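Descriptive analysis of the structure
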Amino acid sequence: MKTKKIIVFVILILSILQSNAENLSTISIKGFIQDAETGENLVGAPVYLKEEPTKGTISGLDGSFTITSSGNPCTLVCTYIGYKTAEYSVKNNETGIKIVMQPVSYEIGTAVVYGHAAYNTDIGVRNIEKMSMNVMNVVSARAIEISPDMTVANVVRRISGVTVERNSSGDGQYAILRGMDKRYNYTLVNGIKIPSPDNKNRFVPLDIFPSELLDRLEVTKALTADMESDAVGGAVNLVMKDAPNSRQLTANLSTGYNALFLDRDFYSFDAKAVAKQSPYEIYGEDYPAKTRDFNEKVIKLQSGSAPVNLFGGFSYGDRLFSGKLGIMLAGSFQNSYRGSNSVYFGNATATSDASNLPVLTSKNDRTYSEQQTRYGLHAKLDYRFSPQHKLQWYNAYMDFSNVQVRDNTKTELNIGYDPEHGDYNLGFDTRFRLTHQQIMNSTLKGTHYFLSNDALKMDWSAVYSKAFNEIPDNSSVYTSAKVKDGKINSVSVVTTPYGAERRWEHNDDRDLSGYFNLLYAASLNETKIDFSAGGMYRDKQRTNFYNNYLFLPYDEDKPSMNNNLIKGTDWNEYSEIKFRVHNPHGSTGNQLNYNASEKITAGYGQVKLHLNRLQAIFGLRIETTDQGYHLKHPIEGVKNEGSQQYTDYLPNLHLKYSPWQNNNIRASYYKSLNRPGFFEIVPYQILNEEYTERGNPELKHTIAHNIDFRYEYFPQPSEQLMVGLFYKRLQNPIEYGILAEGQGTFYSPTNFGDADNYGVEIDLTKYFHSFGIKGNYTFTQSQITTTKLFNYDNPDLASSEKILVKNVAQTRPLNGQAKHAANLSLLYKDAKNGWDGQLAFSYTGDRLYAVSRYLDNDIWQGGYLQTDVSLEKKFKTGVVLFAKASNLLNTPMTHYLKKQNPANDKVADYENYRSGTLVRRDYYGQNLQIGLRYKY
């Protein structure tokens, strides 16, 4: 027995010794994999031991790798698409290994193309930021792909200095750059400005663009002379997918659901029944519309469970004819069901006393149900006649439709309001609205090189663009009820002022543009000098149509009951209500029927100096503007035609100094402008109860002086640290305010003196093998002084007017500006096993949402934090399984006034917000998506 124990003990000791011996002979090899030409650390590059091929790994997010070898010496082998296979012999106890990869090159005609040249990766866009002379931020296609975002508007809010204005479903819609309202920015597609489908303004809704069509997203914050100058905040450039160097095919398909509809029904109507033209357009201006001309199916409310969302996309790219012809075709389809649950408190400023406090007038409980459909088609051809001559033809079509039902219950409030036992009035209104928008662009571009060493470069572009927007047969039905002792007596159709309305609106912008640029590269005493000059011309034509029909309840069989058509007795559904047309010819005389034109002519000259570590650009741009309007139906007493012509001289200076490798210090100045919106200079008037809103044909354009400083550090090709300062001085900024003329008070777009806007931006991207962090923070402060109304006690005690109103000056931030904005993304990548994950946080602080006519009664949007997540698993077959979830915490959007009226506390169902007055709160629900992606 003892012998057996001794034998077992000896075997155990020998096993331990053997294991220790193996461990002593095992070494851990650590290093980085780099591009031989750029020094970039390569992510996801496979590396293995030549002597033990089963032992291998993949480089991490920072290009690093760790591999275990059974002995020394050994040989590392690295293979990576677009690079030659590299081997590295590891010496005894060697550390800090760098495997240098040589890019594969091949010829297209006589031009040499390198397989790794791509700007749709994080490394590629970091290089763009590093080498650019502009202050800019770039998001790569890969970063967009693995993010939780589905539209460009949601992607752009991840960039420092950018916040977004949301639409009714909670998605981002318009970009606000550096606290500057959406009017102060413009949107480009492949560097070409595109028109807007908005019926009053020139800014472009970014939620119309599917994010998967992008190669990268660029936000330029400092303009050079070769860029159009009407951007004070900056420019958003959507660089679409380009032809790859070899055949490539991608496809994706996914589905999802909005958690909002787990708790309530989805409301809809038959959008196919919507008439695209009004009776006025179909039968002529003399035709009196009849009830039979309006399809009752449009106002037939449907409800049920929301269908699942469906998303799909594809792209095909190749090079043909020995690589001379490049082709890229891409398409995207998104069909989603969205909505919100909202409470809105109507309020007014007290006029019966001098408190100037907000008084609640109504509570509106609203539900929104929306079916959003997006199509995107993108086609790009390029043909290389020779290394010196290339043609590109780009075509894009974006289509967005939104079928929305808004159901609202309005409760009239008073201090004694008691929902369970009191007496009060209820109002019900349901809106059935189809919004359809399109943007089309066709650009033909040529690039040519001349002289020895291609010293002279010429490029030109011919552009046709069109934007279209229609809201046909926008229908609303209004009913009401009286509540007695907390119980509804009956619901009847409203008769004052009307019981229903049906409205047609459509507009289109057509742009014809031409661009021409010359660049001559010279040298003087080993100093490189680039001389460039060019110009552009754009002819924009806009037309706008508006017509509105009003309806009153009318039953020929019950003429005595026309003012009291009761639900449950005379009708059960809206489509069963009998109406008569109150205004048979509609309201085509409305000021929204207009034509507008804008002709822009520009030229520039620019010089770029390369002085060792210092680069400098200075240039001058001259732009001439001819903007005008024509009312289709003249309005008595106003100027029915008008125009504005002006010329601006816009200098700029950009300096970039690189004191050490991978470090930049930037300083820039540029002068820019902002033109009035098309509708703002039309002399329209809209009568409201307390004031008259009107246009301003004398409105001046805004001039801005912009200064930027930024320090940049790129410790690795995909990493960055940026700290920037900016300052903007605006002359004649356009804001809405109260003006007094004679005996009248008008709410109008006006130039209010000067404004200042300044702030700080910080960007950080850092990787730790399998983990990464991306973050940014922006502080913005602005101020402008405008006129407001203020109630005060009449000093004449004998007067019958106890309260008087006067204009006072108030200093406030610019409209749309948030003082604090931040983003944080936590990244995980396991390239060996094909996993990618991202947890993203986006915070926007309190921002000025709407400017009130009264002193200190502006509406603010409360700060909110949105949390999103994405995860994907890549298989060896090329198939990727991915999941995305947005708004995980279901954070509401809140509007409030900073003033509080103690009397409002006595109103049932009301709550204070941040020691102020709650105006609105919307919940959008979580959005979930899961799908497959394939790349060949």
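Structure first, text after, so check above.
Residues numbered from 1 in each chain as written. Predicted model: local features only at pLDDT ≥ 70, side-chain atom pairs only at ≥ 80, totals over all residues. Heavy atoms only, no water.

Quick look at the environment of M131
Note the following rule: Helix numbering and strand numbering both begin at the N terminus, where a helix is a DSSP run of H or I of at least 4 residues and a strand a DSSP run of E of at least 2.
By the secondary structure assignment, M131 is in helix α2 (residues 122-131). Each C-alpha atom of the pair M131 and K656 lies 9.5 Å from the other, and the pair is 525 residues apart in sequence.

Topic: the sheet that holds strand β1 (residues 27-35)
Spelled out, the test is: Two strands qualify as a pair provided that DSSP identifies no fewer than 2 bridges between them. Every angle, taken between N-to-C directions, lies between 0 and 180 degrees, and every axis is a line fitted to C-alpha atoms, over only the stretch in contact when it is a helix.
Strand order in the open sheet made by the 3 strands is β4-β1-β7, with mixed pairing throughout. Strands at the two margins of the open sheet, each flanked by one partner only, are β4 (64-69) and β7 (97-101). The sheet shows a mean angle of 35 degrees between the axes of neighbouring strands, taken without regard to direction. Alignment of β1 against β4, held across 6 bridges, turns out to be antiparallel. For I27, the partnering residue across the bridge sits in β4 and is S69.

Notes on the sheet that holds strand β15 (residues 214-220)
The test is simple: For this analysis, residues touch if any pair of their heavy atoms sits within 4.5 Å.
Spatially, 5 strands are ordered β10-β15-β16-β13-β14 in an open sheet, and the strand pairing comes out mixed. Pairing within the sheet leaves two strands with one partner each, and these edge strands are β10 (136-140) and β14 (192-193). Where β15 meets strand β16 (residues 234-240), 6 bridges bridge the pair, whose relative direction is antiparallel. Residue pairing across strands places T220 opposite A235, the latter belonging to β16. Running over the sheet, α2 touches β10 and β15 and is turned about 170 degrees from β10.

Concerning a nonpolar patch on the surface
This is how the line gets drawn: For patch building, the residue pool is restricted to those with more than 30% relative accessible area and no salt bridge; the joining distance is 9 Å between like charges and 5 Å between nonpolar side chains (Val, Leu, Ile, Met, Phe, Trp, Tyr). Per-residue and other accessible areas were derived by the Shrake-Rupley procedure at a 1.4 Å probe size, with only the shown protein chains allowed to occlude residues. Salt bridges, as used here, are contacts in which a Lys or Arg side-chain nitrogen is within 4 Å of a carboxyl oxygen on Asp or Glu.
Residues Y713, L721, V723, I762, L764 and Y777 make up a contiguous nonpolar surface patch of about 440 Å² in total accessible area. Every element with two or more residues in the nonpolar patch is listed here: β37 (720-731) and β40 (754-768).

Regarding unusual backbone geometry
How we decide: Think of it in three bands: residues with accessible area under 20% of the maximum for their type are buried, residues over 50% are exposed, and the middle band is partly exposed, with areas taken using a 1.4 Å probe on protein chains only.
Backbone torsion omega between T496 and P497 reads 0 degrees, so that peptide bond is classified as cis. Positionally, P497 belongs in the loop between β26 (487-493) and β27 (500-524). The phi dihedral of N612 is positive, around 55 degrees, even though this residue is not glycine. Take N612: it is sitting in the loop between β30 (594-611) and β31 (614-631). The class for N612 is exposed, based on a relative accessible area of 78%. Here D856, not a glycine, exhibits a phi torsion of approximately 60 degrees, which is positive. By the element assignment, D856 lies in the loop between β45 (847-850) and β46 (859-861).

No statement about biological role is implied by the geometric values presented.
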